[in-house]
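Here's the letter readout for the chains.
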Amino acid sequence: MSDPHDPRHNPAWQARTRQARPQGLLGSLKMLLAWLLFGAMMIVAMVWGSSFCCSAGR
């Protein structure tokens, strides 16, 4: 049985999901750049956090 409240059957929801998907090479490059930026921020946060942790006892 199909649920009438299922968002997959809503035309507005379908249009939104189509728009949210990366389109072509430019979209893929943007996604790659976002993941690399996120990874770099995580590394910086880990290094910065460990410097506070290890220097607290000194």
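Presented here is an overview of the structure given in this document. In this text, all values refer to a predicted model and were calculated from it rather than measured experimentally. (Residues numbered from 1 in each chain as written. Predicted model: local features only at pLDDT ≥ 70, side-chain atom pairs only at ≥ 80, totals over all residues. Heavy atoms only, no water.)

Comments concerning the packing of aromatic side chains
Line of reasoning, step 1. A full pass over the atoms with the stated rule returns one aromatic pair.
Line of reasoning, step 2. For the pair W35 and F38, a centre-to-centre distance of 5.9 Å together with 90 degrees between the ring planes defines the contact as edge-to-face. Separated by three residues within a single helix, W35 and F38 lie in helix 2 (residues 24-55), roughly one turn from each other. (Phe/Tyr/Trp six-rings, centres within 6.5 Å; stacked < 30°, edge-to-face > 60°. Helix = DSSP H or I, 4+ residues; strand = E, 2+ residues; numbered from the N terminus.)

Quick notes on a nonpolar patch on the surface
Line of reasoning, step 1. Together, L25, L29, L32 and L36 line one region of the surface with nonpolar side chains, adding up to about 430 Å² of accessible area.
Line of reasoning, step 2. Along the polypeptide, L25 turns up in helix 2.
Line of reasoning, step 3. A relative accessible area of 65% places L25 in the exposed class. (Patch = residues over 30% accessible without salt bridge, like charges linked within 9 Å, V, L, I, M, F, W, Y side chains within 5 Å. Areas by Shrake-Rupley, 256 points an atom, 1.4 Å probe, with all protein chains shown as cover. Salt bridge = Lys/Arg side-chain N within 4 Å of Asp/Glu carboxyl O. Buried < 20%, exposed > 50% of the residue type's maximum accessible area, 1.4 Å probe, protein only.)

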